[in-house]
Amino acid sequence: MMKFRFRRQGTDPQREKIKQELFAFNKTVEHGFPHQPSALAFDPKLELMAIGTKSGAIKVYGSPGVEFTGLHADTTAVTQIHFLPGQGRLLSLLDDNTIHLWELVGGAPREAGGVKREGVVYLEEVDCYSLPGRPGIESCSATRVTVLLLLRSSDLLCVGTEGGGVYFLELPRLSLKENQTLLQDQIIQSLPDEYRCGKSLGPVESLQEHPQQAGKLLIGYSRGLVVLWDSTTRHAEQLFLGKQQLESLVWERSGSLFVSSHNDGGYSVWAVANGNNVVHQPVSSTIPYGPFPCKAINKILWRTTQTGSPVVLYSGGMPRASYGDRHCLTIQQDKEHVTLDFTSRVIDFFTVHCVEQDREFDEPSAVVVLLEEELVVMDLRTPGWPSLPTPYLAPLHSSAITCSFHVSGVPPKLWERLANAGRAQQGRQPARGSWPICGGKNLAPPPKNQELLLTGHEDGTVRFWDASGVALTPLYKLSTANVFHTDCDPSDDPQDPSDDPDLQQEEEEWPPFRKVGCFDPYSDDPRLGIQKISLCKYSNKLVVAGTAGQVIVLGLSDERSAHPVDVSVVDLLQDREGFTWKGHDRLEPRLLPASFPPGFQPLVLVQCVPPASVTAVALHAEWNLISFGTSHGFGLFDYHRRNAVLARCTLHPNDSLAMEGPLSRVKSLKKSLRQSFRRIRKSRVSGKKRPVAAPTSKVQEANAALAEQEDVAPIQRRIEPRSADDSLSGVVRCLCFADTFLRDGTHHGATLWAGTNSGSVYAYALEVPGVGSGRACERGGGGGEGGSGGAACVEAVLGKEIQLMHRAPVVSICVLDGRGKPLPDPYEASQDLAIAPDMTNAHSVLIASEEQLKVFSLPKVSAKTKFKLTAHEGCRVRRVALVAFGSAAQEDYCEHTLVCLTNLGDMHLFSIPGLRPQVRYDCIRKEDISGIASCVFTKNGQGFYLISPSEYERFSLSAKMLTEPLCSVQLDRALEPTPASDSTTPPPANGTHKNQIGQAAGRTEESPSALSSPILDTPLDSPLSCADLTLDSTGEITVEDVRDFLTTVDEAENNLKNIKEEEGRSTGILIN
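We now turn to the structure provided with this report.

Here is what the cut-offs are and how they apply
Throughout, residues of each chain are indexed from 1 in the direction in which the sequence is written. Selection of residues for local features in this predicted model requires a pLDDT of at least 70, selection of side-chain atom pairs for listing and counting requires 80 or more, and totals for whole chains, interfaces and linings are taken over all residues. Note that water and hydrogens are dropped before the side-chain values are worked out from all heavy atoms of the structure. Centres within 6.5 Å are what make two rings of Phe, Tyr or Trp a pair, Trp counting through its six-membered ring; a difference in plane orientation under 30 degrees is then read as stacked, over 60 as edge-to-face, and the rest as tilted. Numbering of helices and strands starts at the N terminus; helices are DSSP runs of H or I of at least 4 residues and strands are runs of E of at least 2. Burial classes: relative accessible area under 20% of the type maximum marks a residue as buried, over 50% as exposed, and values in between as partly exposed (1.4 Å probe, protein chains only). Comment: the charge-over-ring label is applied if NZ (Lys) or CZ (Arg) is within 6 Å of the ring centre and within 35 degrees of the ring normal. As used in this record, nonpolar core signifies buried Ala, Val, Leu, Ile, Met, Phe, Trp, Tyr and Cys residues forming a set joined through side-chain atoms within 4.5 Å. We call two residues contacting when some pair of their heavy atoms lies within 4.5 Å. At least two bridges found by DSSP between two strands are what make those strands a pair. Note on geometry: axes are lines fitted to C-alpha atoms, helical ones only across the stretch in contact, with angles between N-to-C directions running from 0 to 180 degrees. Criterion for a salt bridge: a side-chain nitrogen of Lys or Arg within 4 Å of a carboxyl oxygen of Asp or Glu.

What to know about the packing of aromatic side chains
One pass over the structure, following the stated rule, counts 22 aromatic pairs. With 4.7 Å between their ring centres and 10 degrees between their planes, Phe-42 and Phe-350 make a pair best called stacked. Of this pair, Phe-42 sits in strand β2 (residues 37-43) while Phe-350 sits in strand β29 (residues 346-352), placing them 308 residues apart in sequence. The buried category is assigned to Phe-350, whose relative accessible area is 10%. Their ring planes at 45 degrees and their centres at 6.5 Å tell us that Tyr-476 and Phe-600 sit as a pair that is tilted. With a gap of 124 residues between them, Tyr-476 in strand β37 (residues 473-479) and Phe-600 in strand β47 (residues 599-609) connect regions that are remote in the sequence. Note that Arg-223 overlies the ring of Tyr-195, its terminal NZ or CZ placed 4.5 Å from the centroid. Sitting over the ring of Phe-513, Arg-326 keeps its end group 4.4 Å from the ring centre.

Written out as structure tokens, the structure reads:
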């Protein structure tokens, strides 16, 4: 057989310039809630909030779109954060006992959206300090920092330690003032003998500065002692002899009293009066949830108001026996008392209140509570203290994320209807208060198009997020649980307490709990989990598919509706004998009419049998068709006429694992061992030549002879074909609708393509009334919209069946038009929303398996070009997308590019249809399997992947499309610009640590196929097409078995005699 080898040529400078204008990799912003938060701070002057995490990240937030990120050099937990008010500086204390100083620094002017933006600032670490050990003490625990206090003057930092000492650092230089160090021994000498008792005072638990008299500090020790220390005269003014273990301290605004909280669940009010050096008893002491033993009150705040009654806020204090497992924060003022009940642990909280010295009262307006899994803000000005909706930091993982789907260029009408449906879901009137964290200014230009990110969740919900900008904002939530009878139906719930006086009285008993927050990790039924989502933005049709084989078609409605949902059952086994489903049962649908709120409402439920998890869906709203696949096969359903068009079983006789389901735990140990030994035996003989089965045709005989003679090129890896009887080989991996040429080169029509785990591709010719040309339209006749007769029904006929030689799983299938570009989405061409596809030149189909990318011509299905990714790179394809990259230099220049994400976490970009490597980027750590599996691409060159259960990392592969924070802050000090070399690129997002950062530099491929030129609008068969330049048949041969079911026997025999002729259509085609 002839081998095609092309001479390596030098790099084309013009093409390299075009690549730089098209491609650039950046990790831009992190959406969602920080993973494992550990510290919280607030700057009342700049109105900025900072959150530290256990991975060493610091995130600063202001008004929506204002975000700054920083990352410590070590992955050490941040235990405390403190702002220097108004200066744009903050201090962080790490778990390794180091103190770090961060600053907002000015960057060079940047161009965003065609406009030059000045005043952009970034967060940067400028200094670090660690307390030295005390002389004569070997252990460093004595100087381990327990608490930090920044004085109002912002020039001195007080540091409390485990050894009971208090150290003073000068700011912003972080230098120790040794002459002011206060050791515990000095305090013990002032104590009465009966209180001293030879015991240590314990670590410093709290430091608080006097609100009216600068330089006076409250020092609280763990044993319970509180000292009012005058740092100017260096003596203790007053001693407060507490007898209960101390947790926290807070001053009352006037400075005449302070409050201490303790580990017995109580708090005490102490009076600060002149002339009384030793105070033995507090003014009052209260255990709010006593008298039984209670948990500690970890933190308490006391805020004064004009009404006279202070607002008291504290976390913890619950009765140990009854509610010891609750995560609570209590708000009380006079007779009003609310116990906020959260579903995750309280990390810290602060109030937004008046801080001006000349004001008499605090007048708190809001309380911000940082929980382990979400952020909750309560409006303290509105009666009833309602919660405020969060414009960002929403918990994406309120139920575990199971899938995602991105929609770009959302029509304004759809956006408005979704927003209205989301507002209607809030029910009661929202709080009157505004978002209290509103510092900084967002310099980013407004988005040109609205973008939606849809996330499917374990509890059967689909959440719609506004992904147009830096802040990911919740827009609307859809629940599919009300379509089914579940274990926790509303009809089975106990009676509403508001309807029963006895229940209401019982509910009002102590303590007065109120459920707050939306984080709910528990699912009523795991079968409700959403696995696949598809949305048509033009017809407002949505398809969601779940774990128990349920496929729901929904339509958008602005009014509440009560109607039954049509149910259709599709048997994918097709009465095949010998298979018994051992997995979970299907969900029981509601047969009676159910009430559905405004928004997406179910139209029809398609239930796959067996009820295995849905692995692929495709929606073509213009044809009113959906396709769905499971581990058993795939089906085609006409949701307009409510009838199943096709059901195809893809099971291999040995696919017994496919019958057990993802929720089954009864897996055969014998079978696992048997399969392991089979793989071992195969690997032992893998170096030998592959045995060739008895040829059934002359074509296969020729292929077998060529396969035996072919040697592997030294630069390629030998790829062994996978066994046909591997478990789960029938899993349907991808589905695709296309209007293309499948029967012949003159008549195009609707088609359905399906790819499986065993490398099989099925192509069906569809007879859709009114779609296609020639025979399709003639047979479709005049069946109108509502026609239900046989002539108007959709029909499916198997056209082609392709078997990839290595049986690698098919990841993606996409049909390209005569110009080598992807076909437009449904309705785009018919409504002139996109350029109509080229139907005059030959189409092609791009099939991406885990091992290679290959383009076949249509309708004859002969290979045009390929790229063997596994053989060349040693990786496997995990995600594939066709992306339109716009040029950053030329407004009207655009290239369609194939983006591949591999199991090693790197991105490979290829031109289409030539499959010429363009550039490669390292994006995700190869160990981050969940991140790679969750990756979703946008159509304009951006993408999202999960870096934690609660966070999406947003990245961009496009030099033109970039969604990143561009913010400025008005500071009390002059901004110090960073060096020019550092300011051109902002610090990367910090969800991934330093071993991942710095991988953004792309590497241009050096392979012979890396020669590039601008992609021209040329047919695939044209001499100008790069498909003709990249065909490389060196190395091992790949032989696909293509079976054509649309030709007659005579045609097949004739084609066998003319295999080498270009117009031939054979039953078996040799493809290199």
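Comments concerning the nonpolar core
Considering soluble globular proteins, one finds that nonpolar side chains tend to be buried as a cluster. With 33 residues, the main nonpolar core has Leu-418, Leu-452, Leu-454, Phe-464, Leu-542 and Phe-600 as its most contacted residues. Ranked by residue count, the leading element in this core is helix α5 (residues 412-425), at 5 residues. If sequence neighbours within four positions are ignored, Phe-600 has contacts with Leu-418, Phe-464, Tyr-476, Leu-478, Leu-535, Asn-540, Lys-541, Leu-542, Leu-554, Gly-555 and Leu-556. One finds Tyr-267, Ile-297, Leu-313 and Tyr-314 within the second-largest nonpolar core, a separate group that totals 31 residues.

Observations concerning the pairing of strand β65 (residues 942-948)
The buried fraction of β65 amounts to 7 of the 7 residues, a majority that puts the element mostly inside the structure. Sheet analysis places strand β64 (residues 936-937) next to β65, joined by 2 bridges and oriented antiparallel. Residue pairing in the sheet places Val-936 in a bridge with Phe-944 of β65. Between the end of β64 and the start of β65, which pair antiparallel, lie 4 residues, with Gly-941 showing a positive phi angle near 100 degrees. Hairpin connection between β65 and strand β66 (residues 951-958): a loop of 2 residues separates the two successive antiparallel strands.

Some details on unusual backbone geometry
Here Val-609 and Pro-610 are connected by a cis peptide whose omega angle stands at 0 degrees. Of note in this structure, Ser-154 is not a glycine but carries a positive phi near 60 degrees. Of note in this structure, Asn-540 is not a glycine but carries a positive phi near 60 degrees. On the basis of relative accessible area, Asn-540 is assigned to the buried category, the value being 14%.

A few points about the sheet that holds β64
Taken in spatial order, the 4 strands line up as β1-β66-β65-β64 in an open sheet, and their pairing is antiparallel. Each end of this open sheet is capped by a strand with a single partner; those strands are β1 (23-32) and β64. Most of the contacts of helix α1 (residues 13-22) go to β1, to which it runs at about 10 degrees, and overall it touches β1 and β66.

With respect to the environment of Leu-833
Its place among the elements puts Leu-833 in the loop between β56 (810-816) and β57 (844-849). Look at Leu-833 and you get partly exposed, because its relative accessible area is 45%. Those residues in contact with Leu-833 that sit more than four places away from it in its chain are Tyr-538, Tyr-827 and Glu-828.

Re the pattern of salt bridges
Throughout the structure, instances matching the rule amount to 33 salt bridges. Across the salt bridge formed by Lys-17 and Glu-21, the nearest N and O atoms sit 2.6 Å from each other. Residue Lys-17 and its partner Glu-21 are located together in helix α1, separated by 4 residues, close to a single helical turn. A residue is classified by how much of its surface remains accessible, and Glu-21, at 13% relative accessible area, is buried. Linking Arg-954 and Glu-451 is a salt bridge whose minimum nitrogen-to-oxygen distance equals 3.2 Å. Taken together, the residues span a long stretch of sequence, with Arg-954 in strand β66 and Glu-451 in the loop between β34 (441-442) and β35 (452-457) at a distance of 503 residues. Connected through shared salt-bridge partners, Glu-30, Lys-59 and Glu-951 make up one network.

Some points on the sheet that holds strand β31 (residues 375-379)
With respect to topology, 4 strands assemble into an open sheet ordered β29-β30-β31-β32, the strand pairing being antiparallel. A single partner strand is all that each edge strand has here, and the edge strands are β29 and β32 (387-388). Looking at chain direction, strand β30 (residues 366-371) and β31 are connected through 5 bridges and run antiparallel. Looking at β31, one finds that Val-368 is bridged to Val-377.

Purely geometric stuff here, so don't read any function into it on its own.
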